[in-house]
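One-letter residues, chain by chain:
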Amino acid sequence: MVQLIPSQEAVMQILTRTGAFREGHFIYPNGKHSPHYFQMPLAFRYYDTARVLAVALSRMFRLEKDISSQLPKVSVISPSSGGIPVAFGVRDALNAEQIYWAEQELGERQFRQYVNQGEVNPCIIVDDIIRSGHAIEETVKLVKQLGARIIGCGAIVRFDSAPSEVEGVPIKSLVEFDVKMYQEGDECVDCKHGAAPEHVRY
Ligand SMILES: [Zn+2]
């Protein structure tokens, strides 16, 4: 049998192997420099990898009595397109009844599905990566407006600068990443060494 929940090191190996995690000299759209870059959809392009990651995250949820006792009457919710494969994988592993996802529309986060008050089961919010936590917080607001309760939240990777809980629910992750972001110039070690930067999206 494989290990029930893979170690942080094992997950980082998967992310590195698939190109979802790279080290180098990156400039983000907000102008910040960083020696690391995550592009999580690259890990989710492989079905086997996607499955391993989603099943591992689902096991962290199943350990929670508040979640396991309510299955299958649970919703798995993604704040954005990046979390959709995670949501489907977690839903599958938990045999949860519902799935929803949100999108940015006209500058506002909204559910892609038309959904009415009272239709949403108790929720687990999942994403591929939590950087600032803004997407999660906006999704929490949407869920509460619909009168649903949040019973779980998690991602494959959580930056350690992001919140560690929402609505009193701890955010679970397979990797807690020690994030490094710098302003250009002296603060960025790679700039100081003259390494050529790569501009990245997202
Ligand atoms: Zn730099």
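Residues numbered from 1 in each chain as written. Predicted model: local features only at pLDDT ≥ 70, side-chain atom pairs only at ≥ 80, totals over all residues. Heavy atoms only, no water.

Some thoughts on the overall build of the protein
Stated formally: Strands are runs of DSSP state E lasting at least 2 residues, helices are runs of H or I lasting at least 4, and numbering of each runs from the N terminus. Here the globule rule is a power law, 2.2 Å times the number of residues to the power 0.38, and the radius of gyration is based on C-alpha atoms. Burial classes: relative accessible area under 20% of the type maximum marks a residue as buried, over 50% as exposed, and values in between as partly exposed (1.4 Å probe, protein chains only).
Scanning the protein for helices and strands turns up 7 helices and 10 strands. For 202 residues, the compact-globule estimate of 2.2 N^0.38 gives 17 Å, and the C-alpha radius of gyration of the protein, at 17 Å, lies within 12% of that figure. C-alpha extents for the protein along the principal axes are approximately 55 × 45 × 30 Å. When the 202 residues of the protein are sorted by exposure, 47% land in the buried category.

Overview of the sheet that holds strand 7 (residues 150–159)
The cut-off we apply is this: At least two bridges found by DSSP between two strands are what make those strands a pair. By the convention used here, residues are in contact when the closest approach between their heavy atoms is within 4.5 Å. Orientation is described by axes fitted as lines to C-alpha atoms, over the contacting stretch for helices, and by angles from 0 to 180 degrees between their N-to-C directions.
Strand order in the open sheet formed by 7 strands is 5-4-3-6-7-9-8, and the pairing between neighbours is mixed. The open sheet has two edge strands with one neighbour each: strand 5 (108–111) and strand 8 (165–166). The sheet contact formed by strand 4 (residues 98–105) and strand 5 spans 4 bridges and is antiparallel. In the strand pairing of strand 5, Glu103 is matched with Gln110. Across the sheet, helix 1 (residues 8–17) touches strand 7 and strand 9 (169–177), and the angle it forms with strand 9 is around 65 degrees.

Observations regarding the coordination of the zinc ion
Keep this limit in mind: Note that water is not among the atoms considered, so a metal site may appear incomplete; the donors listed are N, O and S atoms within 2.8 Å of the metal, with 3.2 Å applied to Na, K and Ca. Under the classification used here, a metal with four donors is tetrahedral if each angle lies between 85 and 135 degrees, square planar if opposite donors are over 155 degrees apart and the others between 65 and 115, a six-donor metal meeting that same test is octahedral, and anything else is irregular.
Surrounding the zinc ion are the protein donor atoms His25 (NE2), His33 (ND1), Cys188 (SG) and Cys191 (SG), at 2.0 to 2.4 Å. Viewed at the metal, the 4 donor atoms of the zinc ion are separated by angles of 98 to 123 degrees, and the geometry they form is tetrahedral. The motif formed by the donor residues of the zinc ion, counted along the single chain, is H-x7-H-x154-C-x2-C. Of this pair, His33 sits in strand 2 (residues 33–38) while Cys191 sits in helix 7 (residues 189–192), and the two are 158 residues apart along the sequence. You can call His33 buried: its relative accessible area is 3%. On the basis of relative accessible area, Cys191 is assigned to the partly exposed category, the value being 26%.

A look at the side chain of Asp190
The condition that has to hold: None of His or the chain ends enter the tally, which takes Lys and Arg as positive and Asp and Glu as negative. One speaks of a salt bridge when a side-chain nitrogen belonging to Lys or Arg is within 4 Å of a carboxyl oxygen belonging to Asp or Glu.
Here Asp190 shows up in helix 7. No salt bridge is formed by the buried Asp190, whose closest oppositely charged neighbour, Lys180, lies at an N-O distance of 10 Å. Among all residues touching Asp190, those that are not within four sequence positions of it are Gly24, His25, Pro35 and Ala195.

Quick look at unusual backbone geometry
Here Leu71 and Pro72 are connected by a cis peptide whose omega angle stands at 5 degrees. Along the chain, Pro72 turns up in the loop between helix 4 (65–68) and strand 3 (75–78). Positioned with a positive phi, Asn95 is a non-glycine residue whose angle comes to about 55 degrees. At Leu106, a position not held by glycine, the phi torsion is positive, near 50 degrees. The residue Leu106 is located in the loop between strand 4 and strand 5 in this model.

Some remarks on the nonpolar core
We count it as follows: Put simply, buried Ala, Val, Leu, Ile, Met, Phe, Trp, Tyr and Cys residues joined by side-chain atoms within 4.5 Å make one nonpolar core.
Leu15, Phe38, Ile156 and Val157 are the most contacted members of the largest nonpolar core, which totals 38 residues. For this core, the elements supplying multiple residues, two or more each, are helix 1, helix 2 (41–44), helix 3 (47–62), helix 5 (84–94), strand 6 (123–130), strand 7 and strand 9. Take this core: its biggest share by element is 7 residues, from helix 3. Not counting chain neighbours up to four residues away, the residues in contact with Ile156 comprise Val11, Met40, Phe44, Leu53, Leu57, Val86, Asp127, Asp128, Ser173, Leu174 and Val175. Core analysis: the next-biggest nonpolar cluster, separate from the first, contains 22 residues, Phe111, Val120, Ile130 and Cys153 among them.

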